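Structural characterization, general
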Amino acid sequence: MFYEFKKIEEKWQKKWDKEKAYRSLPDPKRKKFYLLEMFPYPSGKIHMGHVRNYTIGDVASRFKMLQGYNVMHPMGFDAFGQPAENAAIKNKTKPDLWTHKCIKDMEQELKKMGFSYDWEREISTCEPSYYKWNQWIFLKMFERGLAYKKASAVNWCSSCSTTLANEEVIDGACWRCHTKVEQKDLEQWYLKITEYKEKLLDDLTQLNEWPERVIAMQNNWIGKSSGVDIYFRLSNSDKIISVFTTRPDTIFGATYIVLAPEHPLVNGLIKGKPQEKEALKFIDKVAKESKVVRASSDVKKEGIFTGSFAVNPVNNEEVPIWIADYVLMEYGTGAIMAVPTHDQRDFLFAKEHNLPMRIVINPTTYDLQLITMREAYEGDGKQVNSGEFDGLTNTEAKNKIANWMEQKKIGKIQTHWRLRDWLISRQRYWGTPIPIIYCEKCGVVPVPYEDLPVELPKDAPFTGEGGNPLGKVKKFVEVKCSKCKARARRETDTMATFFDSSWYFLRFCSPKFNAGPFDVQDAKYWMTVDQYIGGIEHAILHLLYSRFFTKFFQDIKMIDFSEPFQRLLTQGMVLKDKEVMSKSKGNIVDPDSMIKNYGADALRLFILFAAPPETELEWDERGLEGAFKFLNRVWRIQDNLKEKSDPELLKILHKTIKKVGDDFQEFKFNTAIASLMELTNAIYQSGSDKEVFAKLIIMLSPIIPHFAEEAWQQLGNKESIFKTVWPLVDKKLLIEENVTIVIQVNGKVRTKIDVAVSISEDELRKMVLADERLKPWIENKPIRNFIVVPNKLINLVL
RNA sequence: GGGCGGAUGGCGAAAUUGGCAGACGCGAUAGCCUUAGGAGCUAUUGGGGCAACCCUUGGAGGUUCAAAUCCUCUUCCGCCCACCA
């Protein structure tokens, strides 16, 4: 019999599709398992990254089915976004036509991989039936003050002509097109994610089934830092400059302070001073500089003296006030105290501008000398020149000084966060319209719930020029105020697409529900997502936003949990010649052609076997050929199956069942496949045993579902293999009667002996000492130590 | 600068978590089968050595009866964050 993968795969794909084989319904009597992979952007073609991501998910899903779980495994499309608009301009089509075509193509490609999706739950975020609920959620947030509009300097991508969230700025450039991001003052919509900063941080400790590095990255991003705000009074007035520091132990060494050029007090400080003109020039220059340039670490720190002084509140010393580009208005208080002796940036700046220094912490083993210092001393040590705190270790002094300043009301213990509110306005067409109306009389008016959805007009012009196409559609823009019925103007900004994906996992629970974003009862049954799988690139953006939305839904009492994803797996990238596959590098391997040549099952098998899921995977077509060969080898076993049972083979079978079950649970597919290969080899060696073969097929079925269904049918089964159960381990067969023990002399392997598991240590000792093969090694030498590791190893120490 | 993760044959990788380093596969070599094979089967395959043996997990030390695994130092690579006070 020849393994005709093409025929087999088509046959089963058709059958699964027709029978809706992977439909999932809530069933309180059965234990549920919600398995989710990050849904794709519908580009029209799947790539190897998708193949890997979804194959891992599919194996997990099918394994859970075989274990008897009520599995929900949905798929959908993150369908809003810029490429559709670009395609519309380029190909003279419409974003929705283009997107729908892409979705169609992509569904076909996914089906060709044999993934076990419940297609009845398919969602696409660009449908009004979906984005209506984006608008609903936005309004709920607006009512609670969590969605608000403010003017501020925002990240602007001139190429995409839209704003970007902080999270979307990568290395100072647009995450999508890599154009350098500029600063622009605009009025924009924000979501108040900062309202949840403590919860987002604290709940990270609950996520013990998430990869540590994702937790670390989120931790970092939220960026809680504890310290003290210290109040410096201006020398010639009562005005206060508040500076933030995490090192209150160095306050006695603060010899000057530095403000960000944008700091509101700056103008007053330079007014009338000899430096005024020069300072204004400097401020202007910095303002024009993009954040990218300003943030690049190789640029020299620039600054200028204001001509004014402030008073260090701990010792009443007058210190000069400077402005410098390395101090950022967005962080802390926009002002710092500079301690050149114990902060490297301050040290360089002070040297450059000849500013005073004072040592206030000495290392425990020697004393610092100002003249010999080549760099700041940032380590721990003992306080000096610090008034009543001299002699304390700086770690003790940190708290003591902080408390002392608070008592004297010259400072306040303070926590600052790195996390900013989330900018969601995009000046684009292909996204969810923000449901807001601007009325001259009533101001900002939310669209009433009963008027949702605010639908995207289908006939917007796509020219690629003149900004947002939405703004050019008169009947969209011109509306009546829903409060006073006067002529008003509709918001033309749309929502960032990350809004759409921040709650889609909830929508999957009841994708057609039309009385709310999701059916609370269904969500109660299916949520939380038991296993989530996706790329590490979403470690911050999508995963943080989803956690935020979940907490919001909990607050409005629609769900009773605060974290959406129980267990998270981040799969590694697929590389070709050690580089990420990308169009620009021209090293893309198209999954479709691989399916044509070797079949989806072989592709699935290879991609799981070649590397563990979390590490990078080097593409190697010869490896794929190897997987294909293995399938042929298994296929050929069917030619002469016999009803017989070889006790040795049965032992191997049950060991394999145990190993593969454990490995699947832990996503160690590569080693699971290795043991299945070993079992296959053993079947060949002992003659083909029908019962063992059937078990082998069941274990392989999550990996190569088409192949397994076909073989299962050939074995005479009427029902799908996925209706059967995972084989049970016969524990009796795992027990070994004999065991091989390694004998070492001084830690080197010299021989091995086979003994009964039950052998006593005394008997074992006698046997070893009598062993002829060891004689040359231990002759005439006293044995100092006789180490026995039960059933494993003996080490004779001479 | 901070955080996280790596480094094991020609290649992808295993190693029950301190107990036989290199499972499984790719590639390679030889043979069989075949009209032929880029199919299949069998054997060999970390390095050195005729051999007994010796060496070998980026490098240098250390702990231990025993180290790929633990500790210290060090080199290189990847990812994330970053003038964050």
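Our structure's up above, just so we're on the same page.
Below you will find a few notes about this structure. Predicted, not measured: the structure shown is a model, and the values here were computed from it.

A tally of regular secondary structure across chain A gives 26 helices and 34 strands. Within the span of chain A, comprising 798 residues, buried residues form 54% of the whole. Partitioning the intrachain contacts of chain A with sequence separation of at least 6 by distance along the chain shows that 72% fall at a separation of at least 24. Total accessible area computed for chain A in this model is approximately 37200 Å², and 51% of it derives from carbon and sulfur atoms. Across chain A, the centroid of the 115 positively charged side chains sits 2 Å from that of the 108 negatively charged ones.

Further remarks concern the protein's contact with RNA strand B. As a matter of local geometry, RNA strand B sits amid 46 residues, with T246, K301, Y326, A610 and K752 nearest to it. Considering RNA strand B, the proportion of its atoms within 4 Å of the protein that are sugar or phosphate atoms stands at 61%. In the model, a sugar or linking oxygen of RNA strand B is placed 3.5 Å from a nitrogen or oxygen of the E678 side chain. Among the elements that make up the surface near RNA strand B, the one with the highest residue count is helix α22 (residues 669-686) (six residues). Looking at the surface near RNA strand B, its residues break down into 20 nonpolar, nine polar and 17 charged.

Attention now goes to the sheet that holds strand β5 (residues 147-157). Pairing is antiparallel in the open sheet, where four strands are placed in the order β6-β5-β9-β19. Each edge of the open sheet is held by one strand with a lone partner, namely β6 (162-164) and β19 (422-423). As judged from the two bridges shared by strand β9 (residues 182-191) and β19, these two strands associate in the antiparallel manner. Counterpart to Y190 in the pairing with β19 is L423.

Scanning all chains against the criterion turns up two cavities of 30 Å³ or more. By volume, the largest cavity amounts to about 190 Å³. Lining the largest cavity are 19 residues; nearest its centre among them are Q82, R176, R426, R428 and T497. Here the lining of the largest cavity gets three residues from one element, more than from any other, and that element is β6.

Cut-offs and rules
- Residues numbered from 1 in each chain as written.
- Chains lettered and ligands numbered in written order.
- Predicted model: local features only at pLDDT ≥ 70, side-chain atom pairs only at ≥ 80, totals over all residues.
- Heavy atoms only, no water.
- Helix = DSSP H or I, 4+ residues; strand = E, 2+ residues; numbered from the N terminus.
- Buried < 20%, exposed > 50% of the residue type's maximum accessible area, 1.4 Å probe, protein only.
- Contact = heavy atoms within 4.5 Å.
- Areas by Shrake-Rupley, 256 points an atom, 1.4 Å probe, with all protein chains shown as cover.
- Lys, Arg positive; Asp, Glu negative; His and termini not counted.
- Charge placed at Lys NZ, Arg CZ, Asp CG, Glu CD.
- Near = heavy atom within 4 Å.
- Polar contact = N/O pair within 3.5 Å; in protein donor to acceptor, adjacent residues only side chain to side chain.
- Nonpolar A, V, L, I, M, F, W, Y, C, P; charged D, E, K, R; others polar.
- Pairing = 2+ DSSP bridges.
- 1 Å grid on protein atoms, 1.4 Å probe; cavity = no way out; pocket = protein on both sides within 12 Å on 5 of 7 lines; lining within 4 Å.
- Points joined across faces, edges and corners; volume = space filled by probe spheres on them.

Note that all results are geometric; they support no functional claim without further evidence.
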